[in-house]
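For reference, the chains in residue letters:
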Amino acid sequence: MHQDNCFCSQIKKIKLKTKVSIILFKKEKFLPSNTAHLSLKSLLNSECFERGHKDSSLEESFINSKEYQPLLLFPSEDSIELTDSYLDQFDKEINLIVPDGTWRQAKKVHRREPLLADIPHIKITPTQRSKYLLRRQKFEYGLCTHEAIALALGIIESQNIKDNLLANFSTFQDAHLKNRTIYQKEIT
């Protein structure tokens, strides 16, 4: 990130009842266009596990099923639409587990991590296309990680949290787009 476009001080810190646990594919760690980092910076009750390292797997504390109801946010064939009525069945706060990476990488997470085997899969159905301009989406209504988290937390927590997360996303994306313009001018 070009120093003039640093946006860190503009990111709103958001307190949640929900725990957000992101499973970050190791190659995404260094990509400036990765939005999982933005979610981690935005959400006070969040954590990250870096996947893809040899002999490394999730620990029970990451799932934390004693204190939280874990739900895996991924649109698999057996996923259930996230709704208020679906959430009513749980008597604990939610641990929203979110795989991050390309679609191909994210698809492998629940099969390769034994602790995720019995966790219910949830999905959200976006009504608008992604506003993410830094990478191409594989599917017409595909979302980046941060947008998916924002929409899910809009259902789990509140519209206000969703709006604040999307405001952080706009700040993030605007800074990156300005940054690309600066580097393009420097190259030519």
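Residues numbered from 1 in each chain as written. Predicted model: local features only at pLDDT ≥ 70, side-chain atom pairs only at ≥ 80, totals over all residues. Heavy atoms only, no water.

**Student:** With reference to specific residues and values, describe the overall build of the chain.
**Tutor:** Scanning the chain for helices and strands turns up six helices and six strands. The secondary structure elements of the chain, listed N-terminal to C-terminal, are β-α-β-α-β-β-α-β-α-β-α-α. Per-residue burial for the chain yields a buried fraction of 45% across its 188 residues. For the chain, the proportion of contacts with a sequence separation of at least 24, taken over those separated by at least 6, is 79%. Total accessible area on the chain stands at roughly 10800 Å², and carbon and sulfur atoms take up 48% of it. (Helix = DSSP H or I, 4+ residues; strand = E, 2+ residues; numbered from the N terminus. Buried < 20%, exposed > 50% of the residue type's maximum accessible area, 1.4 Å probe, protein only. Contact = heavy atoms within 4.5 Å. Areas by Shrake-Rupley, 256 points an atom, 1.4 Å probe, with all protein chains shown as cover.)

**Student:** Tell me about the sheet that holds strand β1 (residues 19-25), and name the residues and values.
**Tutor:** The strand order across the open sheet formed by six strands is β2-β1-β5-β3-β6-β4, and the pairing between neighbours is parallel. With one partner strand each, in any of the chains shown, β2 (46-51) and β4 (80-81) form the two edges of the open sheet. Pairing between strand β3 (residues 68-73) and strand β5 (residues 93-100): five bridges, direction parallel. Along β5, the bridge assignment pairs Tyr-68 with Glu-93. Lying over the sheet, helix α5 (residues 145-156) contacts β1, β3 and β5, oriented at roughly 165° with respect to β5. (Pairing = 2+ DSSP bridges. Axes fitted to C-alpha atoms, helices over the stretch in contact; angles between N-to-C directions.)

**Student:** Can you tell me about the pattern of salt bridges, naming the residues and giving the values?
**Tutor:** The final tally for this structure, using the stated rule, is one salt bridge. Here Glu-47 and Lys-19 are joined by a salt bridge, their closest N and O atoms 2.7 Å apart. A residue pair is termed long-range when its members are at least 10 positions apart, and Glu-47 in strand β2 and Lys-19 in strand β1 qualify at 28 residues. (Salt bridge = Lys/Arg side-chain N within 4 Å of Asp/Glu carboxyl O.)

**Student:** Tell me about the packing of aromatic side chains, residues and numbers included.
**Tutor:** All told, the structure shown has two aromatic pairs when counted by the stated rule. With a centroid separation of 5.4 Å and 80° between ring planes, the pair formed by Tyr-86 and Phe-90 is classed as edge-to-face. A relative accessible area of 11% means that Tyr-86 is categorised as buried. Assessed through its relative accessible area of 19%, Phe-90 is described here as buried. (Phe/Tyr/Trp six-rings, centres within 6.5 Å; stacked < 30°, edge-to-face > 60°.)

**Student:** Got a sec to walk through the pairing of β3? Specific residues and values, please.
**Tutor:** Counting buried residues in β3 gives six out of six residues, a clear majority hidden from the surface. The side-chain alternation of β3 yields two buried faces, one formed by Tyr-68, Pro-70 and Leu-72 and the other by Gln-69, Leu-71 and Leu-73. Judged from the two bridges that link them, β3 and strand β6 (residues 121-123) form a sheet pairing that is parallel. Bridge assignment links Leu-73 to a residue of β6, and that residue is Ile-122.

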